[in-house]
Amino acid sequence: MQYFGKKTVTLIMTLFLVSVAAFLAFQIIPGDVVGSILGTEATPEREAKLREELGFNDPPVVRYMNWITGVLRGDLGKSWRYSKSMNEMMPVAELIGDKLPVTLWLAVLSVLLIVIVSVPLGVFWAKSRGRAADAVFSVLTQTAMAVPSFFLGILVTYLFGMVLRWFTPGGYVSYQDNFVGFLGYLIFPALSVAVPKIAMTARFLRNSLLTEMSSDYVRTARSKGATEQRVMYGHVLRNALMPVVTFLGMIIAEIVAGSIVVEQVFGLPGVGRLLISSISTRDLPVVEILVLYITAVVIVVYFLVDIVYRMIDPRISHK
Amino acid sequence: MTQDESRTKVYRLKGLKQRGNPYLWIGLFMTGTAVLMALVGFFWTPCSTTAMSAAERFCAPSPGHPFGTDNFGRDILSRVMKGAGSTIFISSLVVFFSGGLGIVIGALTGYFGGLLDEIVMRFTDAVNGFPSILLALVMISILGSGKKNLILSLGIVFTPSFVRIVRSEFIRLRDADYISRARLMGVGRLRILFVHILPNIFSTFWVSVMIGFNNGILAESGMSYLGIGVRPPDASLGEMLSDAQGYLLRAPWYALAPGLTIVWIVLGFSLLGEGIRQSSGEASDGR
């Protein structure tokens, strides 16, 4: 319990530091951007008015406080590029709102795929040590890890979309219209994100299993007459999966990064695509919120992995 | 620590003579061909990379155009050579920058420790946890896109991983017997750092250089694919892929050529890294 409290304090501190970093990076370093927002319509009066409106005249600490309290209350600021109507800038919250679920589901599906495929694969691989399959897996996973997710996405589009026609490339189905269809389309981008990570995780699990199999308790279990099945699934696998949980937590960041790129390949209207287009147009308030959001998600996932690890490993839970 | 222990803990690269190391040889072959192709591409390409030809649009691979032609009738092989060149060039600069900075910061923090070490470590911990491509995107969005900013931001983003590895090696070696003896003999601090310790961390360091190189290539091509890295008219593998995607049905070879080149380079460097690790004194069980 004390551990949990300590971790929570660290979590909040980290989130605070990240928000300060994002604020500094996007609101202080770029300086006065009023001219670039107004573009050709800039006049001194308009600039002064906008500057006042965006709060550029306040000292940084006040600006940070205003910004962060706004963010916490759901007021995420306003986009510089998208407008709602002639004289009103688009609130970032509205811009992001319906894009979040797309990215979230993509990441969730990817993680599911990774877990479902890599665990049996890792177990099978470890069992086949020294046989031909061992070498085959080794070559396959090495290669899979070298394929960038966007190229994999293109390959998936070609194979499943154009040759096999299992889905229509670019034919994204909104989750609001048809949730099953949405997941059906999403499975292909998720596959592109997942394959290199499946290779990594399977490799990691295989090594973890082989390390466990040479430990004393395995010899003891065998000498007591336990079958190979029982040794593997009753003893070794459970122990070998422990580091894999941490490993999965560690690659969450990469899965999120992979999703950002893969959204572009499949034309998914998620936050990754918005992020890229906002970077191209230098729409900093949108980039700022998205970065803050993605970072926060990654930090919270690390936090949860720590907690889960603590819960499933009885050896470190009662200190 | 006894003398024997410290001796065995100093890893040494046993040279390239080691025979039973397929990783090293296959890795060398793959990276060698890629680098050679890219180097040749700087000076000579089979066809012009910009000459367009309406008659030769979307030619399938043939002896005249081994990788086929693209939507403007340009020779894909020539463009892949150029693209691989700029991708490898950018990643080399990135690795050079971040590796160099990593050695200096890692050496100082690892050897001296103390408050500075603590601060730097918290910082690298924070950076290491995040998707590198996201951080690079953040820097690009602040600095603006373009080749220079791409190199700068990737260089900064990759530095912490080098700092971490160099630091842990310096911590491992700073109390080794030969170092304390050198210290007793009155060898200067800088000399200890860079003449006595540094050469002994190279085998570990080279492995991380290979990994860094791979990450650099993946990040560069990913960002160029997204349109925020290298921009046309500069050829880049990522940018070619994003072009090719539009003509996937018509000319699948257009996407395959740059894509497989990336896979070839990345696979080559990761095999090379594995090979170096296996040929260094460090026992490896395939991890």
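Residue positions within a chain follow its written sequence, with the count starting from 1. Labels are handed out in written order, letters beginning with A for the chains and numbers beginning with 1 for the ligands. Where totals are concerned, whole chains, interfaces and linings use all residues; where local detail is concerned, this predicted model gives features only for residues with pLDDT of at least 70, and gives and counts side-chain atom pairs only at 80 or more. No hydrogens and no water enter the side-chain calculation; it runs on all heavy atoms of the structure.

## With respect to the overall build of chain A
Operational definition: Numbered from the N terminus, helices here are DSSP runs of H or I no shorter than four residues, and strands are runs of E no shorter than two. Partly exposed describes any residue whose relative accessible area lies between the buried limit of under 20% and the exposed limit of over 50%, with all areas from a 1.4 Å probe on protein chains only and scaled to the type maximum. Only heavy atoms enter the contact rule, under which two residues are in contact if any of them lie within 4.5 Å. A 1.4 Å probe and the Shrake-Rupley method give the accessible areas. Residues count as covered only by the protein chains that appear here.
The number of helices and strands found in chain A is 13 helices and two strands. Expressed as lengths along the three principal axes of its C-alpha atoms, the size of chain A is roughly 85 × 55 × 30 Å. Looking at chain A as a whole, 45% of its 319 residues qualify as buried. Within chain A, contacts between residues separated by at least 24 positions form 70% of all contacts whose residues are at least 6 apart in sequence. Surface accessibility of chain A: about 16,100 Å² in total, with carbon and sulfur atoms responsible for 65%.

## So, the overall build of chain B
Helix and strand counts for chain B come out as 11 helices and zero strands. Listing every helix and strand of chain B by position from the N terminus yields α-α-α-α-α-α-α-α-α-α-α. Considering only contacts within chain B whose residues lie at least 6 apart along the sequence, 72% involve residues at least 24 apart. On chain B, roughly 13,000 Å² of surface is accessible, and the fraction owed to carbon and sulfur atoms is 66%.

## Overview of the interface of chain B and chain A
What counts is decided by this rule: Throughout, buried area stands for the accessible area (probe radius 1.4 Å) lost by two parts on being put together, summed over both. Salt bridges are defined as contacts in which a side-chain nitrogen from Lys or Arg sits within 4 Å of a carboxyl oxygen from Asp or Glu. We call two N or O atoms a polar contact when they sit within 3.5 Å, provided that within protein one can donate a hydrogen and the other can accept it, with sequence-adjacent residues counted only if both atoms are side-chain atoms.
Counting from both sides, the interface comprises 36 residues of chain B and, opposite them, 40 residues of chain A. Interface area for chain B against chain A, summed over the two sides, is near 3,300 Å², with a carbon-plus-sulfur share of 76%. The largest share of the area that chain B buries against chain A comes from Ser141, Ile142 and Leu226 of chain B, three residues that together contribute 17% of it. Our count for the contact surface shared by chain B and chain A stands at zero salt bridges. Remark: the boundary between chain B and chain A carries one residue pair in polar contact (both at pLDDT 80 or more). The set of elements that each furnish at least two residues to the side of chain B that touches chain A consists of α5 (132-143), α9 (202-225), α10 (237-245) and α11 (252-279) of chain B.

## Some words on the domain arrangement of chain A
Convention followed: Per the annotation, domain bounds derive from an automatic or database assignment of domains.
Structurally, chain A comprises domain 1 (34-75) and domain 2 (100-312). Centre-to-centre separation of domain 1 of chain A and domain 2 of chain A, based on C-alpha positions: 41 Å.

## What about the packing of α10 of chain B against α11 of chain B?
All names here are of chain B. This is how the line gets drawn: Convention adopted: a line fitted to C-alpha atoms gives each axis, helices being fitted over their contacting stretch, and angles between N-to-C directions are expressed from 0 to 180 degrees. In these notes the angle categories are as follows: under 35 degrees is roughly parallel, over 145 is roughly antiparallel, 65 to 115 is roughly perpendicular, and the rest is oblique. Helix crossings get a hand from a simple test, with the near helix turned counterclockwise from the far one by less than a right angle marking a left-handed crossing and a clockwise turn marking a right-handed one.
Where α10 contacts α11, the axes come no closer than 8 Å and their chain directions differ by 150°. By the criterion of interaxial angle, the relationship of α10 to α11 is roughly antiparallel. Once α10 is placed against α11, the crossing between them reads as left-handed. Of the residues in α11, those in contact with Leu237, Met240, Leu241, Asp243 and Ala244 of α10 are Tyr254, Ala255, Pro258, Gly259, Thr261, Ile262 and Ile265.

## Here's the deal with helix α4 (residues 114-128) of chain B
Residue and element names in this part refer to chain B. Test applied: A helix is expected to span 1.5 Å multiplied by its residue count minus one. Our arc is simply the arc of the directions from the helix axis toward the C-beta atoms.
A rise of 1.5 Å per residue sets the reference length of α4, with its 15 residues, at 21 Å; its end C-alpha atoms lie 21 Å apart and thus fit the reference within 8%. Every buried residue of α4 is listed here: Asp117, Val120, Met121, Thr124 and Val127. Viewed along the axis of α4, the buried residues span an arc of 125°, placing them on a single side of the element. Seen from the buried face of α4, the exposed residues on the opposite side, beyond 90 degrees, are Leu115, Ile119 and Phe123. Where α4 is buried, its residues meet α3 (76-112), α5 and α6 (147-174).

## Digging into the environment of Ile171 of chain B
Residues and elements named next belong to chain B. Turning to its location among the elements, Ile171 is positioned in helix α6. In this structure Ile171 comes out as partly exposed when scored by relative accessible area, which is 29%. Sequence separation of Ile171 and Phe112 is 59 residues, and the distance between their C-alpha atoms is 8.8 Å.

## Details of the environment of Ala22 of chain A
Residue and element names in this part refer to chain A. Structurally, the position occupied by Ala22 is in helix α1 (residues 2-28). Separated by 43 residues in the primary sequence, Ala22 and Met65 place their C-alpha atoms 13 Å from one another. Excluding residues within four positions of it along the chain, Ala22 makes contact with Gln27, Glu288 and Leu292.

## Considerations on helix α7 (residues 132-145) of chain A
Helix length check: α7 of chain A (14 residues) gives 20 Å between terminal C-alpha atoms against 20 Å at 1.5 Å per residue, within 8%. What α7 of chain A keeps buried is the set Asp134, Phe137, Ser138, Thr141, Gln142 and Ala144 of chain A. Across the axial projection of α7 of chain A, the buried residues extend over an arc of 165°, all falling on one side. In α7 of chain A, those exposed residues whose orientation departs by more than 90 degrees from the buried face are Ala132, Val139 and Leu140 of chain A. Each element contacted by the buried residues of α7 of chain A is listed here: α6 (100-127) and α9 (179-213) of chain A together with α2 (22-43) and α11 of chain B.

## Concerning a nonpolar patch on the surface
Residues and elements named next belong to chain B. The test is simple: Distance thresholds for patches are 9 Å for like charges and 5 Å for nonpolar side chains (Val, Leu, Ile, Met, Phe, Trp, Tyr), applied to residues having over 30% relative accessible area and no salt bridge.
On the surface, Leu36, Leu39, Val40, Phe42, Phe43, Trp44, Phe89 and Leu93 cluster together to form a nonpolar patch covering roughly 860 Å² of accessible area. For the nonpolar patch, the element with the highest residue contribution is α2, accounting for five residues. The topology assignment puts Phe43 in helix α2.

## Topic: the side chain of Thr261 of chain B
Residues and elements named next belong to chain B. Within the fold, Thr261 resides in helix α11. Overall, Thr261 belongs to the buried group, its relative accessible area being 10%. In contact with Thr261, other than residues within four places in its own chain, are Met37, Val80, Ala84, Leu237 and Leu256.

## Observations regarding the packing of aromatic side chains
Two measures describe an aromatic ring pair: the distance that separates the ring centres and the angle between the ring planes. Stated precisely, the cut-off is as follows: Classification of ring pairs rests on two measures: the distance between centres of Phe, Tyr or Trp rings, Trp counted by its six-membered ring, which must be within 6.5 Å, and the angle between planes, read as stacked under 30 degrees, edge-to-face over 60 and tilted in between.
Taken as a whole and judged by the stated rule, the model has 19 aromatic pairs over all chains. Look at Phe23 of chain A and Trp67 of chain A: their rings are 5.8 Å apart centre to centre, the planes differ by 35°, and that puts the pair in the tilted class. Residue Phe23 of chain A is located in helix α1, and its partner Trp67 of chain A is located in helix α4 (residues 60-72); the two are separated by 44 residues in the primary sequence. Judged by relative accessible area, which is 3%, Phe23 of chain A ranks as buried. Centroid distance Phe29 of chain B to Trp264 of chain B: 6.2 Å. Interplanar angle 75°. Geometry classified as edge-to-face. Placement of Phe29 of chain B in helix α2 and of Trp264 of chain B in helix α11 is noted, with a sequence separation of 235 residues between them. For Trp264 of chain B, a relative accessible area of 35% translates into the label partly exposed. Grouping aromatic residues by their ring pairs yields a cluster made of Phe16, Phe23, Tyr64 and Trp67 of chain A.

## What about the nonpolar core?
Here is the rule we go by: Grouping buried Ala, Val, Leu, Ile, Met, Phe, Trp, Tyr and Cys residues that are joined through side-chain atoms within 4.5 Å yields what is termed a nonpolar core.
Grouped together as the largest cluster of nonpolar side chains are 155 residues, with contacts concentrated most on Leu209, Phe266 and Leu275 of chain A together with Phe170 of chain B. Looking at this core, the element that brings in the most residues is helix α11 (residues 228-266) of chain A, giving 19 residues. Two domains each provide a minimum of three residues to this core, namely domain 1 (34-75) and domain 2 (100-312) of chain A. Once residues lying within four places of it in the same chain are set aside, the contact partners of Phe170 of chain B are Gly106, Ala107, Gly110, Tyr111, Leu193, Ile197, Leu198 and Ile201 of chain B.

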